[in-house]
Amino acid sequence: MSDVVVPKGQPVSGVPEKKGWLFKWTNYLKGYQRRWFVLSNGLLSYYRNQAEMAHTCRGTISLLGALIHTADSCTFVISNGGTQTFHIRAHNEVERQSWVTALELAKAKAIRAQESDDDEDQMLSGPTADGSGEGEGEDAGGIARELSARFHDLRTCSELIAKHGAALQRSLVDLEIPPTDTTKQVSERATLFRISCNAMMNACSEFMSAAAASSARMSRALQHEREQKMRLQEVVEQLARQHDSLEKTVTGRSTPHTGANGSGQSNDTEDDEHEFFDAVEEEVHPAMEDKTSFVMKVPVNRKSAVKEGESSDESEGETVTETQQVIFVEDKERAAESNMGGTDATVADKTPDSKEEDIKVWPHVSEVPPGAALVEGRPRRTRVPDKPNYPLSLWSIMKNCIGKELSKIPIPVNFSEPLSMLQRLTEDYEYSYILDQAAKCTDPAQQLAYVAAFTVSSYATTANRTTKPFNPLLGETYECDRMADLGWRAISEQVSHHPPMVAQFCEGQAGWQCWQEFTMTTKFRGKYLQLVPLGGAYAEFLATGNKYTWRKVTTTVHNIIVGKLWVDNHGDMEIVGEAGPAAGYVAHLKYLPYGYFSKDTQRKVTGVIKDPQGVPRYVVQGHWDSRVELAPVTSASADNTVCKTGKFSVAWERVPAPPDSDKWYNFTLLAAQLNEPEPDVAPTDSRRRPDQRLMEEGLWDEANTEKLRLEEKQRAVRRALEADAESAAARGAPPPAPPRPAWFARQAAPPAPHLRHLYTHRYWECKRKQDWSACPDIF
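Everything numeric here is computed off the predicted structure, so don't read it as measured data.

The rules behind each value
- Residues numbered from 1 in each chain as written.
- Predicted model: local features only at pLDDT ≥ 70, side-chain atom pairs only at ≥ 80, totals over all residues.
- Heavy atoms only, no water.
- Core = buried A, V, L, I, M, F, W, Y, C linked by side-chain atoms within 4.5 Å.
- Buried < 20%, exposed > 50% of the residue type's maximum accessible area, 1.4 Å probe, protein only.
- Helix = DSSP H or I, 4+ residues; strand = E, 2+ residues; numbered from the N terminus.
- Contact = heavy atoms within 4.5 Å.
- Expected span 1.5 Å × (residues − 1).
- Pairing = 2+ DSSP bridges.
- Axes fitted to C-alpha atoms, helices over the stretch in contact; angles between N-to-C directions.
- Patch = residues over 30% accessible without salt bridge, like charges linked within 9 Å, V, L, I, M, F, W, Y side chains within 5 Å.
- Areas by Shrake-Rupley, 256 points an atom, 1.4 Å probe, with all protein chains shown as cover.
- Salt bridge = Lys/Arg side-chain N within 4 Å of Asp/Glu carboxyl O.
- Polar contact = N/O pair within 3.5 Å; in protein donor to acceptor, adjacent residues only side chain to side chain.
- Disulfide = S-S within 2.5 Å.
- Phe/Tyr/Trp six-rings, centres within 6.5 Å; stacked < 30°, edge-to-face > 60°.
- Lys NZ or Arg CZ within 6 Å of the ring centre and 35° of its normal.

### Some details on the nonpolar core
Thought 1: The biggest cluster of nonpolar side chains holds 74 residues, and the ones touching the most others in it are W512, I575 and Y591.
Thought 2: With nine residues, helix α9 (residues 444–457) is the single largest residue contributor to this core.
Thought 3: Non-local contacts of Y591, meaning those with residues more than four positions away in its chain, are made with T455, V456, Y459, V553, N569, H570, G571, M573, K604, V605 and W624.

### Observations concerning α9
Thought 1: With 14 residues, α9 extends 20 Å between its outermost C-alpha atoms, agreeing within 8% with the 20 Å of an ideal straight helix rising 1.5 Å per residue.
Thought 2: α9 sits mainly inside the fold: 14 of its 14 residues count as buried.

### Quick look at the sheet that holds strand β5 (residues 67–70)
Thought 1: Here seven strands make up an open sheet; going across it, the order is β4-β3-β2-β1-β7-β6-β5 and the pairing antiparallel. Two strands in the sheet have a free side with no partner beyond their single neighbour: β4 (59–62) and β5. The average undirected angle you get between the axes of adjacent strands in this sheet is 35 degrees.
Thought 2: In terms of strand pairing, strand β3 (residues 43–47) meets β4 through four bridges, oriented antiparallel. Counted as the bridge partner of Y46 is G59 from β4.

### Let's talk about a nonpolar patch on the surface
Thought 1: A contiguous nonpolar patch, built from F524, I560, I561, V562 and L565 and spanning about 480 Å² of accessible area, is present on the exposed surface.
Thought 2: Within the secondary structure, I560 is located in the loop between β23 (554–558) and β24 (566–579).
Thought 3: Exposure remark for I560: the relative accessible area of 32% places this residue in the partly exposed category.

### Quick word on the pattern of salt bridges
Charged atoms that come close allow side chains of opposite charge to pair.
Thought 1: The tally for this structure, following the rule as stated, stands at 33 salt bridges.
Thought 2: Notably, a salt bridge pairs R58 with E52, separated by 2.7 Å at the nearest N-O pair.
Thought 3: Owing to a relative accessible area of 8%, E52 belongs among the buried residues under this scheme.
Thought 4: Among the ionic pairs, D685 bridges to R687, the shortest N-O distance being 3.1 Å.
Thought 5: Look at D685 and you get buried, because its relative accessible area is 0%.
Thought 6: On the accessibility criterion, R687 (6% relative accessible area) is buried.
Thought 7: Because the salt bridges share partners, they merge into one network encompassing R378, R380, E676, E678, D685 and R687.

### Examining the side chain of E629
Thought 1: Structurally, E629 can be placed in strand β28 (residues 627–636).
Thought 2: What makes E629 buried here is its relative accessible area of 13%.
Thought 3: There is a polar contact of 2.9 Å between the side chain of E629 and the side chain of R627.
Thought 4: Residue contacts for E629: discarding those within four places in its chain leaves V619, V620, Q621, F648, S649, V650 and A651.

### Observations regarding the state of the cysteines
Thought 1: All told, the structure shown has zero disulfides when counted by the stated rule.
Thought 2: In this structure C514 is a free cysteine whose sulfur lies 6.2 Å from that of C506, the closest cysteine sulfur available.
Thought 3: A residue is classified by how much of its surface remains accessible, and C514, at 2% relative accessible area, is buried.

### Some details on the environment of E427
Thought 1: Topologically, E427 is positioned in the loop between α7 (421–426) and α8 (433–439).
Thought 2: C-alpha separation for the pair E427 and Y459, spaced 32 residues apart in sequence, amounts to 9.4 Å.
Thought 3: Not counting residues up to four positions away in its chain, the partners in contact with E427 are L419, T461, R465, T668, L670, A671 and L674.

### Looking at the packing of aromatic side chains
Thought 1: By the definition in use, this model includes 21 aromatic pairs.
Thought 2: Ring centres 5.5 Å apart and planes at 70 degrees place the aromatic pair Y459 and Y591 in the edge-to-face group. Of the two residues, Y459 is situated in the loop between α9 and β14 (468–470) and Y591 in strand β25 (residues 586–591); the sequence distance between them amounts to 132 residues.
Thought 3: What makes Y459 buried here is its relative accessible area of 5%.
Thought 4: Classification of Y591 as buried rests on a relative accessible area of 0%.
Thought 5: A connected cluster of aromatic rings, assembled from ring pairs, spans Y429, F454, W488 and W512.
Thought 6: The ring of W99 has K18 sitting right over it, with the charged end atom 5.1 Å from the ring centre.
Thought 7: Geometry around W21 places R34 over its ring, the cationic atom sitting 3.9 Å from the centre.

Distances and angles like these do not, on their own, reveal function.
Have a look at this one:
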């Protein structure tokens, strides 16, 4: 039935210490099920059959720190502290005790192996001994530890033999009573005694061979330590060379031109593991003495050449991205003439009877008079309740996670802010006046420059907001109607739960519309967490038909485990003109990553706007947490590597947060008003979400309880849908249709062929009629 125990101190993967068929408890419907168990390397694994060992493991429990106890004559239980528990039944008592003995031995070996590894790590991390006497002392110490571990194994075997011997003596005493099954019991005890003796003999054999093996192992450990020292020395030397090169490059460099156009092919697909290595700064032009002049590498897309021996069909359509180094220098002589001047310069270019003269640039929320917009007859609020000073107890969080699946562990509101992701995305339009200004522009290049400034402004609140917004429930919506005071209104909806996806549509009175489909992927690197957006966004201006699309850059949250959290936005963004006279225009923005050795100010953004012929037309520079400036390109060299610009003008400047906002989650004035209760909103609106409302009111314990209830309700709905789908599949019927978004429809948006969640333009009419029949019950 089961193989004989073959205890090994360090069993090789694939050579189990014990294996065989046992019965494992599954659930109350199926009871005990026959499974193939394998004990190896301190791990007990099970499979449905022996063939599954090559590809599918149904479960594994570590014996390190596990509790092994006997339930009855044939059943034993293995538990590792509450997260995993195996109830296992053998065919008879002999087999049960054989497995228990093997498991106890494997547990003892795993404990000793861990202690031995810790000792070896301490030895390798200590100072290297060059003298032979110290090396011999370390070698002897390692042998002593190994022999001590083997002695511990012998002692474990001795204890097991003593226990089985006592049981055997009790069985012999029972022989004085008229026998029933006592003879069989004596035979079983004798078998157990022999098994324990075999285990002890194997341990003795290992005890004798450990001394010979220790010398070779210690020699390898010392060799490994020497190699590590040499590698460390090479790394230190390389760092020293790089530091010297950085100093020389930053202090005394001039700008050489490479080739005909000063460009060279660049590998933009840098490894994710090395995203934050500081790069050498671009070459600095001798005339660049003020902050309005800078250098940036502009991407250039070109079709790849056909390689030798490769047909043209194989390489057709493939493109490579090259970067061209471009120097932008302010033209002092033409600065006054080329001053963009915001509205004045734009209006001057228009004809007197242009309808665009009536376009209003709406104010920022901080400039709105108190009585301009009322909520239930009163002015809008200017702050939220202070954040309560609740101590964050890791134990109180962890104790609620014991015994639960990872997907069902609730994240407490202690890490959140009283806003949902739908409301957080609506904050992108805090500086909507930039789009109002863009709507007044007749030049597509100038309009695209303002759109670029708007995309940068959406990151302003991330500089000091490190708390996490609430994850919206499937079907949750959020409306923000600020037409009366800010000139725009937006509607957002959680259209998918796995993966999480938000669809949003916003329209402004100045004649612009914005849409975005936001989803993301995360990469946890230990010290930091990367959020990589995957969805797209567009802005359309109805008067001209100009349409621009873009995708957001990567956001990284640093010091996840230890230290103060801080956020950095970095990467490249391309804003492409897709329709109207702006088709073919493109804006290249570069969000510079944080660099310890960079002499530039951090959080810097640079960019250039090119026309369809690839000629630079406008320049963008600034910082994503403070301001953005624009300047027209007045002249360029023949190869577009040196450009002169007019005077820079401010397109966006961040409005300072309220002075005491650090007491209420570092919210801006608009953020404080997003969750303010309003009448007649949809029943699925985020303002009606109870756990979020309780958190805003400072009732965090009640908010955690309510959050758990809402998440469990959502899981119950998903389980019911899965059960209906399985039932339909069993009947051979088509599966039931999944829930569909109420205000967005998944369809193609020309010219893009793939499907997107586009706004159906029904929400505001349904709100006027108070017809919420399409809204699900989620709260």
